[in-house]
Amino acid sequence: MRVVIADDSVLLREGLARLLAEAGIEVCALTGDAETLEQAVTDHAPDVAVIDIRMPPTYTHEGARAATRLRDRDPRLGILLLSQSLESQYAADLARRSPRGFGYLLKDRVVDVATLVDTITRVATGGTVLDPDVVSHLLGRQTTRNRLAVLSERERQVLALMAQGRSNQAICRQLTLTPKTIESHITSILTKLDLPPQSDDHRRVLAVLAFLNP
């Protein structure tokens, strides 16, 4: 697996590169701004781009905008956004546009090597991973709560774990329920959200994203 890292903090990007290298992931380029990030992706064709949302020159949302451009050019490129604080609008917007191969973690989360490697691996293989704190924030908004009124409390718990990219087995362990019960809850969620059957295995992600709109 090949990864490009874009973050204006030299210490953070070098630290991430070292952690990933120790985990057997090839880091093919390190960049500190959106322009060099896009060039690095063109030059190295990585599997995943790890991108800080806020980068020079304005330190607002250059990273998120660069991620959007990169995804438009190559829908197969995995995108993992990093942020120092909750910026759910940009995560939700990007995820809604193209949920396959997308992740969003708060920077505090990446110090956990297992979480970082697991997230990058899932993103590289087309998975979708949202930080648990981001999910809690999004699902706690008034407009979202209104949309979730059709779901039971247990279904909302399952939905939140689905948004974090958890597999059925992981949800079983978290909620101490049987696989059959989890499958039943997910079927009920998809039915209540009026999502028709389709071959896309990210239908479950779309169930979450349908309720992340403000």
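Here, every reference points to the structure presented above.
The shown structure was predicted, so the numbers you read here are calculated from the model rather than taken from an experiment. In this convention, every chain numbers its residues from 1, walking through the sequence in written order. Thresholds applied to this predicted model are a pLDDT of at least 70 for local features of residues and 80 or more for the giving and counting of side-chain atom pairs; totals over whole chains, interfaces and linings are not thresholded and use all residues. Computation of side-chain values covers all heavy atoms of the structure but excludes hydrogens and water.

1. Quick word on the pairing of strand β3 (residues 48-52)
Here the term buried applies to any residue with accessible area under 20% of the maximum for its type, exposed to any over 50%, and partly exposed to those in between, with areas from a 1.4 Å probe on protein chains only. The helix and strand labels rest on DSSP assignments: H or I over at least four residues marks a helix, E over at least two residues marks a strand, and numbering proceeds from the N terminus. The element β3 is largely enclosed, with a buried count of five among its five residues. On β3, burial covers both faces: Val-48, Val-50 and Asp-52 on one face and Ala-49 and Ile-51 on the other are all buried. The criterion for strand pairing is that DSSP finds at least two bridges linking the strands in question. Two strands pair when backbone bridges link them, and β3 and strand β4 (residues 78-83) are joined in this way by five bridges, in the parallel orientation. Bridge pairing links Val-48 to Gly-78 in β4. A crossover links β3 with its parallel partner β4, the connecting element being helix α3 (residues 62-73), and its sense is right-handed. By convention, a crossover is right-handed whenever its connection, traced from the first strand over the helix to the second and viewed with the strands pointing away, goes clockwise.

2. Points about the nonpolar core
Here the nonpolar core consists of buried residues drawn from Ala, Val, Leu, Ile, Met, Phe, Trp, Tyr and Cys, with membership extended through side-chain atoms lying within 4.5 Å. Among the nonpolar cores identified, the biggest contains 28 residues, and Leu-37, Ile-51, Ile-79, Leu-81, Phe-102 and Tyr-104 are the most heavily contacted of them. If you look at the next biggest cluster of nonpolar residues, it comprises 16 residues, including Ile-5, Leu-16, Leu-20 and Leu-80.

3. Overview of helix α1 (residues 10-22)
For a helix, the expected span equals 1.5 Å multiplied by the number of residues minus one. The first and last C-alpha atoms of α1 sit 18 Å apart over 13 residues, in line with the 18 Å expected at 1.5 Å per residue. If you check which residues of α1 are buried, you get Arg-13, Gly-15, Leu-16, Ala-17, Leu-19 and Leu-20. Contact between two residues is taken to exist if any of their heavy atoms lie within 4.5 Å; hydrogens are not considered. Those residues of α1 that are buried are in contact with β1 (2-6), β2 (26-31), β4 and α5 (113-124). Downstream of α1 by a residue or two, Gly-24 has a phi angle that is positive, lying close to 85°.

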